[in-house]
Amino acid sequence: MIKDMKFSIFLLLLQVIFIFMYGFFVEYDEVAGPKTNQSSAEDNRQFEILYPMFQDVHVMIFVGFGFLMTFLKRYGYGAVGFNLLLAAFVIQWAILMRGSLTAESKIHLSVETIMNADFAAGAVLISFGAVLGVLSPIQLLVMALLEVAVYAVNEYIIVEHLHINDIGGSLIIHSFGAYFGLAVSVMHWKKRLVDNQKEESVYHSDMFAMIGTLFLWLFWPSFNGALAASHSVVAQRCVTNTLYSIVASTIASFAISSIIDKKGKLSMVHVQNSSLAGGVAAGAVANLATGPMGALLIGTCAGIISVAGYKYVTPTFARAFHIHDTCGVHNLHGMPGVMSAFIAVVMARFMSPTTFSPEELAIVYPNVKDGNFQHQANMQMAGLAVTLGTSIVGGVLTGLVLRAPFIDSADENNLFEDSKYWITDESDRDSPEPMNETAIPLAPSNGETVAEE
Amino acid sequence: MIKDMKFSIFLLLLQVIFIFMYGFFVEYDEVAGPKTNQSSAEDNRQFEILYPMFQDVHVMIFVGFGFLMTFLKRYGYGAVGFNLLLAAFVIQWAILMRGSLTAESKIHLSVETIMNADFAAGAVLISFGAVLGVLSPIQLLVMALLEVAVYAVNEYIIVEHLHINDIGGSLIIHSFGAYFGLAVSVMHWKKRLVDNQKEESVYHSDMFAMIGTLFLWLFWPSFNGALAASHSVVAQRCVTNTLYSIVASTIASFAISSIIDKKGKLSMVHVQNSSLAGGVAAGAVANLATGPMGALLIGTCAGIISVAGYKYVTPTFARAFHIHDTCGVHNLHGMPGVMSAFIAVVMARFMSPTTFSPEELAIVYPNVKDGNFQHQANMQMAGLAVTLGTSIVGGVLTGLVLRAPFIDSADENNLFEDSKYWITDESDRDSPEPMNETAIPLAPSNGETVAEE
Amino acid sequence: MIKDMKFSIFLLLLQVIFIFMYGFFVEYDEVAGPKTNQSSAEDNRQFEILYPMFQDVHVMIFVGFGFLMTFLKRYGYGAVGFNLLLAAFVIQWAILMRGSLTAESKIHLSVETIMNADFAAGAVLISFGAVLGVLSPIQLLVMALLEVAVYAVNEYIIVEHLHINDIGGSLIIHSFGAYFGLAVSVMHWKKRLVDNQKEESVYHSDMFAMIGTLFLWLFWPSFNGALAASHSVVAQRCVTNTLYSIVASTIASFAISSIIDKKGKLSMVHVQNSSLAGGVAAGAVANLATGPMGALLIGTCAGIISVAGYKYVTPTFARAFHIHDTCGVHNLHGMPGVMSAFIAVVMARFMSPTTFSPEELAIVYPNVKDGNFQHQANMQMAGLAVTLGTSIVGGVLTGLVLRAPFIDSADENNLFEDSKYWITDESDRDSPEPMNETAIPLAPSNGETVAEE
């Protein structure tokens, strides 16, 4: 009985703590506060331009990530449900964690800080993708709790101290989330993760996943441009670069997906995921002068790398290193994120002082003094190293904590399976006799295996 | 024959009347009119800030409400289809009804008036949720016709005369829609509404419903903030408060959903609906100074109340009072709406004159003179009373009208069932012989061809 | 082997060519460029107002069109997948084609030019709808390649030379795309296109299609208003007119759908498609002074025409002219588009010089000199003629090219079928033995009560 209530009690306890912490530490930012007179025209504009982009990001986090993970045939409730739970949890927690590192008095709450909390949720959800269907709900909550703390520290170091440029979060969000998740995953290797028939999609679950893919695809330009929202020229360049990069990765994903299949068929896994790799790969360079051709090149490479990752790297990771990666986040967020980080290093190093107008340079590289771009390149490199270090070490330690006996783990028989945590049919309900549904077949792919194939 | 055409004839007749009424009574607002010179910068900004928020609300009404109601396994077409029909119908009708009460010359059409019509559609769709699968299409149309009239009167009284503050429509939209729908429902009690096996979800229908949930969840801050759009500080506070309230209700819903299940399992009903209760509960107080902690507290309580409502109140209502509530709108809109109204009373009563800057006070409580907050509190209380009164009386009378013999009612055998009103399989089509689909089991409707058709 | 790789090689080759062409011919527009100082307030506003509308259009192209076409029971991957591929392909290609006709130096890249490329993608996707499930992927790519070239020429002639007013693209996008697609279709008539059992929907596929319908429905006002975004009064009129037109076509579609069915049942085909006809029909007149009543009338007529088209025209086209039209684009885009064009002719002809303020007149009809509206009407008529001419001739020629032997065509046995081009089940995968799925019913709720629970 108590065992079944552990999840609830833990969650409620944390929520009560959050409520008190918000009482003590958080207040409205001036731009949302009751004592503010209608702010100046410039303040108004901030909200007006930021809010639609925030909502785009918000849709990505909840609909995009949530539905992208519904591809598993029996873990749809868990995918979209725990996605909602974790993101709601992290939004609260990340405000506290991030704010505690930077706030001089109380932590301020505004659309901008909430959007930054959404980004933190993005990182946690990427990690969730690596262990989708493997960890129990309570393990997921503990993971989110610990991951956000490490995330905030990593972000603080590389943004506030190293002053790296990472407008779309290729390091901060994507690389961090992916390697953290993989490190957790390696600590939770199970034999039955191999060739588990439940770790498969069916026709309809792949259609649901496409909802996630498309909303991520569409709003990725907002994701990479939102932090530059107040500078419309920079924001528009972020949007343009990201859109061209993701377009190119889509083309590349289709082409490579077909070419590596022996019958030349396309794989929904690649279409759902690798199509998005261009968005990740543009992350650290979206505000730079890649040029339209550069954006297309970056996206094309990202798409190729990502499909190749699904085909060759993920199975190898599982076999050779016992790193299971349900959604293949290494291929969508890990490798393209690191690739973006490297391109950012190279672009900083070979920066021409005349590429940017002085005003734009001050926005993109605010800490470059006297044209010392070598230093910026060094810092970009250091930022990648710190991100990989904190995410892998943090992930391994978190993975160890999750093995603590009082944290219920998932049953090996219930991997990739909703029925352990969700009321999925009549037998779970309080009604005495289950409805006989065997006479009513339910979904198309059932047995409709086309014989002539 | 004529009987089958009654729905169409009624609908076309109303549409012809609408077209004429628009010809006589409606014209473009100056901000959209052909004779306006490009309006001043301030006018421009109005459209620029309002339009994205309007589109968020618009998505909630059509995708949010529409898909949220697709959870029933055999009423998906009806849920999303009649939702579209009713909302399109109400947008036209509400402009006329609302305008007729306030317009001094012709009724003006702009994005702002359309958004207010969307809100009226929201109330009707909430009522639709209470009787989902129970009323026939023609009954739904008549209900919408009558409900909008009562809605407009209630709104007129409590906004124009009582001057209550209800920025997110907790009274005007949510409480009104819920109690109106429940009052209609009680007049249409049927024995076969109890333990009807068709009133259930299946795996995929619950996934479709989550599309609705998530778009409602994401855009609720816009719903509660849209009417304050032109004051960015107030709008941002509305957004922030609503987002924190809905985040908290999500956490509470998961926790309580699990704790009340004997095996500790989560229920999709709670996740789909109660997660949203914080949005409703924030409605009447979103622009006030609840503070971040206050918003979290409100949302947490709303989530708890809502889950408890699904577990205990809805079955009791059905058993003891013969009030059937298909979607549980009482738990998502009714109780959280009333709760919000009460909090608004308390907050008005114990208002400190120094909480708000004078400028903000004039926006939030424009009718408070000389710091007489007691009067505002009285009016807030009166507003709740008027809303409950008009909605319940209006709903009962509407329910009676819907029992008129010339308004075709739904067959008891076709409750929660698309096949009566929609072409759902081959046997319905004009082709001479139905396709033999037994070899290809495809979808819920397959084979469930109701024999008596 | 090489045969299976033809699609990939062709796609990669084109992508490499695109990358080089972008290197030589395309650069950031000043409003997104690295050398621009933070642009003037007016430039900022352009981006701020345009970007949310652009994202609405973007959602329509990828989610709207993509999911609308998922209604076929076995072509869901193809619908949403090839939609993504084609749109991503066209965005790149249309920038080059359109720019090559107008750019004086390099082609400029900004959100505005990308949105115009999205519109070109819209036309291609309409044509795709006509041949959905009929052409092979490589045929679709070649079609897109050729269609965009013809599209750009048609647009150039009727906008730059005839100076027609077509703010929502009823001629440029809808009529063009529909008749181009039908002309391609007539060149690819196959006997097995008649009464093909695979060309049907199932319950769930119709639900997926409604996702597309709703997002198209919701954002159509943005589609018709986006090009007027910088003039908020005109934009708001476009939005209002379009919304009222689409609302009216929805009502009409429901009414007529029921009235033409012998049992009075509603058809999802009509609800999914004809509901949208008002958006198309408003396209060429959305910025004019139709008045609210006019908008309702236009939408009502469009809805009636569209449903009648599905019932009578499409079967006749197939039987009598061997024009197969999978999605019925003739009924949603063709006829309503032509209707809109005719209304635009009449409205220009009977224009009163006092209808518009001088400033608005200069925006709506910039080339009308000295009140010569007859000339504008002539040009509108000529624009329709040119559009029909280029689309039909272009489509027929494209259809002929697609019959070239080195362009693999679809197998007659694989019409409306994903399994030829997509990995759809275990037998396609590299694993030695296909998973026996008969023992594992698909939707978790299906009686798969886990025994050990």
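Rules used throughout
Residues numbered from 1 in each chain as written. Chains lettered and ligands numbered in written order. Predicted model: local features only at pLDDT ≥ 70, side-chain atom pairs only at ≥ 80, totals over all residues. Heavy atoms only, no water. Helix = DSSP H or I, 4+ residues; strand = E, 2+ residues; numbered from the N terminus. Rg over C-alpha atoms; globule rule 2.2 N^0.38 Å. Buried < 20%, exposed > 50% of the residue type's maximum accessible area, 1.4 Å probe, protein only. Axes fitted to C-alpha atoms, helices over the stretch in contact; angles between N-to-C directions. Left-handed = near helix turned anticlockwise from the far one by under 90°. Contact = heavy atoms within 4.5 Å. Least-squares fit on C-alpha atoms with pLDDT ≥ 70 in both. Buried area = accessible area lost by both parts, 1.4 Å probe. Salt bridge = Lys/Arg side-chain N within 4 Å of Asp/Glu carboxyl O. Polar contact = N/O pair within 3.5 Å; in protein donor to acceptor, adjacent residues only side chain to side chain. Expected span 1.5 Å × (residues − 1).

Student: Please explain the overall build of chain A as it appears in this structure.
Tutor: Tallying secondary structure elements over chain A gives 14 helices and two strands in all. Here the C-alpha atoms of chain A give a radius of gyration of 22 Å, agreeing with the 22 Å that 2.2 N^0.38 yields for 453 residues. Structurally, chain A occupies a C-alpha span of about 75 × 55 × 40 Å along its principal axes. Classification of the 453 residues of chain A by burial places 69% in the buried group.

Student: How should I be thinking about the packing of helix α7 (residues 203–225) of chain C against helix α8 (residues 232–259) of chain C in this particular structure?
Tutor: The geometry of a pair of packed helices is captured by two quantities: the angle between their axes and the separation between those axes. All names here are of chain C. For the pair α7 and α8, the least separation of the axes is 8 Å and the interaxial angle reads 145°. Between α7 and α8 the crossing geometry is right-handed. Across the interface between the two elements, Trp217, Trp220, Pro221, Asn224 and Gly225 from α7 touch Ala235, Cys238, Val239, Thr242, Leu243, Ile246, Val247 and Thr250 from α8.

Student: Whenever I open this one, the relation of the copies chain B and chain A confuses me. Can you help?
Tutor: To go from the first copy of the chain to the second, apply a rotation about an axis and then a shift along the same axis. Of the transformation superimposing chain B on chain A, the axial component is 0.0 Å and the angular component is 120°, with the fit at an RMSD of 0.0 Å. Both copies of the chain, as the preceding transformation shows, are related through a three-fold rotation axis. Judged by C-alpha distance, B:Pro52 is the residue of chain B that lies nearest the rotation axis, at 3.8 Å. Mapped onto chain A, only 17% of the interface residues of chain B are again interface residues, and the two copies thus contact each other with different surfaces.

Student: Looking at this structure, how should I read the interface of chain C and chain A?
Tutor: Much of the literature gives interface size as the accessible area that the parts lose upon coming together. Between chain C and chain A, the residue contacts involve 89 residues of the former and 90 residues of the latter. When chain C packs against chain A, the two sides together hide about 8,200 Å² of surface, and 64% of this comes from carbon and sulfur. For the pair chain C and chain A, the number of links is zero salt bridges. Viewed at the interface, chain A and chain C are joined by 24 residue pairs in polar contact (both at pLDDT 80 or more).

Student: How should the environment of C:Phe71 be read in this particular structure?
Tutor: Following the sequence through the fold, C:Phe71 ends up in the loop between α2 (41–68) and α3 (76–102). Counting along the chain gives 139 residues from C:Phe71 to C:Met210, while the straight-line C-alpha distance between them is 8.6 Å.

Student: What am I meant to see in helix α8 (residues 232–259) of chain B here?
Tutor: When the terminal C-alpha atoms of α8(B) are compared, their 40 Å separation across 28 residues agrees well with the 40 Å that a helix rising 1.5 Å per residue should span. Burial within α8(B) is extensive, with 27 of its 28 residues counted as buried.

These figures come from the coordinates and say nothing about function on their own.
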